[in-house]
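Secondary and tertiary structure notes
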Amino acid sequence: MKNIMIENREGAEKVLLVIVKFKKDKVRWSIDEDVNEMKELIVACGGEVVDQLTCSVDKPTASHLISETRVKDIAELCHAQAVDTVIFSHDLKGSQQRNLENVIKTKIIDRTQLILDIFAKHASSKEGKMQVELAQLEYLLPRLVGKGIELSRLGGGIGTLGPGETKLEVDRRRISQRIVKLKRNLSEVANQRALKRKHRKDKGVPAFSLVGYTNAGKSTLLNTLTQAGQVTRNGLFTTLDSLSRQLVLPNNQKIILSDTVGFMHDLPHHLIEAFHATLEEVQEADVLLHVMDVSHPYFRHLKESVEDVLKELESLDKVTILVLNKIDKLEDREWLKGFEKNFDNAVCISAKTGENIPELLDKISEMLSSLIVEINVDVPISRMDLVNLAHEEGEVYSIKYYAETINIRAAVPKNVAGRFYK
Ligand SMILES: Nc1nc2c(ncn2[C@@H]2O[C@H](COP(=O)(O)OP(=O)(O)OP(=O)(O)O)[C@@H](O)[C@H]2O)c(=O)[nH]1
Ligand SMILES: [Mg+2]
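Okay, so let's go over this structure. (Residues numbered from 1 in each chain as written. Chains lettered and ligands numbered in written order. Predicted model: local features only at pLDDT ≥ 70, side-chain atom pairs only at ≥ 80, totals over all residues. Heavy atoms only, no water.)

1. Considering the site of ligand 1
- Around ligand 1 lies a shell of 22 residues, among which K218, T220, T238, T239 and D328 are the nearest.
- Take A216: an N or O atom from its main chain is 3.2 Å from an oxygen atom of ligand 1.
- For ligand 1, an oxygen atom lies 2.8 Å from a polar atom in the side chain of T239.
- Coverage of ligand 1 by the protein amounts to 93% of the 660 Å² it exposes when considered alone.
- If you tally residues by element for the shell around ligand 1, the top one is helix 7 (residues 218-226), at 3 residues.
- Among the residues forming the shell around ligand 1, the class breakdown is 3 nonpolar, 13 polar and 6 charged. (Near = heavy atom within 4 Å. Polar contact = N/O pair within 3.5 Å; in protein donor to acceptor, adjacent residues only side chain to side chain. Areas by Shrake-Rupley, 256 points an atom, 1.4 Å probe, with all protein chains shown as cover. Helix = DSSP H or I, 4+ residues; strand = E, 2+ residues; numbered from the N terminus. Nonpolar A, V, L, I, M, F, W, Y, C, P; charged D, E, K, R; others polar.)

Below you can see the structure in the form of structure tokens.
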């Protein structure tokens, strides 16, 4: 699908940033944090913020989200600064976006559109492109409904089907069909991934998944540990696809390490849904490596946002190693020791310089041994299902059949061990 968001013209597009804050919201993000992140997103889209304005909203209005006075302020600023695009830090309904455009006479974009635009720019694999297109179309579809009202007016009075509406219905049908096709193709991709994971599981190779806020250094760490050659860059949402590599630990144990798309606070819901196939790597992982950029001024908030996304993926309870990355950028490291002590499994590293990587590898080995338990158990002769379970989930040392019992000796994942003792 054509890139529907900011188009990169010659020179940067002049942007007016509108930060929307709801008075009664108990938000953990300060205005500065919102401004900084929105600016990074805008830069990633090829825009340049020429001015900014904060709208403190008591009650959002159905028509424009913000008050009419503020809409006028924005229109004046746009005129004075020859702004090309106004970008809202809060999502807008289709009707609000159109109403704002009618008054302000400038292109209006919301945060979700901005994020979708970056994703569209960075998607390179077939799967990545399909996932982005799905998210874009799902964003677009409900917004076309509003346009229908407008276009049908052009068509004439009650009962007349205007040409605009006919075209709109065709567009809507085409988009809906395309969504169905993309979902079907993506579910095939998900099946292929599931099959690959099953092969790995059959071989008993544990899966570790790198997760974290965008730009935390996940891909850099994958490269340092496995020479994967993953693209890394100082910017938001560099990686969109999941990439898995084998890592052999110093004690010769093998694991699979996967890199994936970075998270962000208030990530649009249908983006998470569209990236279902990619994010399944996280959901299916045995252990998560949560990579944090500790040189980021608000890294504690970023950690909470990552945990929000993990919760949405039902993966917050997974065994997790907290990887406190970019320590080479810190002048003072004393406070970090205190922070590290708050967690059972935290390791301070620099993925870039390689500092403390051996400690991280030790931690990975340690987690690995805590995931597996050895069992030596007698089960009733009728319980062949448990023999199968031992073969499927673990490493079988011996199976001995007696008159009424079966003796199973095996190493199995901790989370299934209990089933043998019921
Ligand atoms: N100084 C320093 N820079 C680092 C370190 N790790 C990563 N970086 C830099 O941080 C930037 C982001 O790194 P990436 O590895 O692309 O980050 P990511 O988490 O994969 O980001 P996304 O793919 O966007 O989610 C790059 O410029 C890296 O060179 C580190 O330990 N120290
Ligand atoms: Mg990356």
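Back to the text.
2. Here we look at the pattern of salt bridges
- On inspection of all chains with the given rule, the structure shows 18 salt bridges.
- Residue D110 pairs with R143 through a salt bridge whose shortest N-O separation is 3.7 Å. With D110 in the loop between strand 4 (107-109) and helix 4 (111-122) and R143 in helix 5 (residues 126-155), the pair connects residues that are 33 residues apart, well separated along the chain.
- Taking the relative accessible area as the measure of exposure, D110 reaches 0% and is therefore buried.
- Looking at R143, the relative accessible area reads 18%, which means it is buried.
- Between K326 and D293 there is a salt bridge; the shortest N-O distance is 3.3 Å. Of this pair, K326 sits in the loop between strand 9 (319-325) and helix 11 (334-341) while D293 sits in strand 8 (residues 287-293), placing them 33 residues apart in sequence.
- According to the relative accessible area criterion, D293 is buried, its value standing at 12%. (Salt bridge = Lys/Arg side-chain N within 4 Å of Asp/Glu carboxyl O. Buried < 20%, exposed > 50% of the residue type's maximum accessible area, 1.4 Å probe, protein only.)

3. A closer look at the packing of aromatic side chains
- Applying the stated criterion across every chain, the model contains 5 aromatic pairs.
- A ring pair is formed by F119 and F237, whose centres lie 4.7 Å apart and whose planes are at 55 degrees; its orientation type is tilted. Of this pair, F119 sits in helix 4 while F237 is found in the loop between helix 7 and strand 6 (243-248), placing the two residues 118 residues apart along the sequence. Residues F119 and F237 agree in their burial class; the two are buried.
- Cluster of aromatic residues (ring-pair linked, three or more members): F299, W335, F339 and F343.
- The ring of Y139 carries R143 above its face, with NZ or CZ at 3.7 Å from the centroid. (Phe/Tyr/Trp six-rings, centres within 6.5 Å; stacked < 30°, edge-to-face > 60°. Lys NZ or Arg CZ within 6 Å of the ring centre and 35° of its normal.)

4. Digging into the sheet that holds strand 10 (residues 346-348)
- Taken in spatial order, the 6 strands of this open sheet run 6-7-5-8-9-10, and their pairing is mixed. Unpaired on one side and paired on the other, strand 6 and strand 10 mark the two borders of the sheet. This sheet shows a mean twist of 25 degrees between the axes of neighbouring strands, independent of strand direction.
- As paired strands, strand 5 (residues 207-212) and strand 8 are joined by 5 bridges and run parallel to one another. Bridge pairing in strand 8 links S209 to L288.
- Relative to strand 5, helix 9 (residues 276-284) is tilted by about 115 degrees, and along the sheet it contacts strand 5, strand 6, strand 7 (254-259) and strand 8. (Pairing = 2+ DSSP bridges. Axes fitted to C-alpha atoms, helices over the stretch in contact; angles between N-to-C directions. Contact = heavy atoms within 4.5 Å.)

5. Some thoughts on a nonpolar patch on the surface
- Taken together, I381, M384 and Y401 make up a surface patch of nonpolar side chains, about 280 Å² in accessible area.
- In this fold, I381 is placed in the loop between strand 11 (372-380) and helix 13 (384-393).
- With relative accessibility at 37%, the residue I381 sits in the partly exposed group. (Patch = residues over 30% accessible without salt bridge, like charges linked within 9 Å, V, L, I, M, F, W, Y side chains within 5 Å.)

6. Comments concerning the pairing of strand 1 (residues 13-22)
- When you tally the buried positions in strand 1, you get 9 out of 10 residues, the bulk of the element.
- Inspection of the sheet shows strand 1 paired to strand 3 (residues 85-88) by 4 bridges, in the parallel sense. What sits directly across from L16, in strand 3, is V86.

7. Some details on the packing of helix 2 (residues 68-81) against helix 3 (residues 94-104)
- Remark: helix 2 packs on helix 3, axes separated minimally by 9 Å, with the N-to-C direction vectors making an angle of 50 degrees. Between helix 2 and helix 3, the angle falls in the class oblique. As for the relative orientation of helix 2 and helix 3, their crossing is right-handed in sense. Along the contact surface, helix 2 presents V71, I74, A75 and C78, while helix 3 presents L100, V103 and I104.
- Of the residues that constitute the contact of helix 2 with helix 3, the class distribution is 7 nonpolar, no polar and no charged. (Parallel < 35°, antiparallel > 145°, perpendicular 65-115°, else oblique. Left-handed = near helix turned anticlockwise from the far one by under 90°.)

These figures come from the coordinates and say nothing about function on their own.
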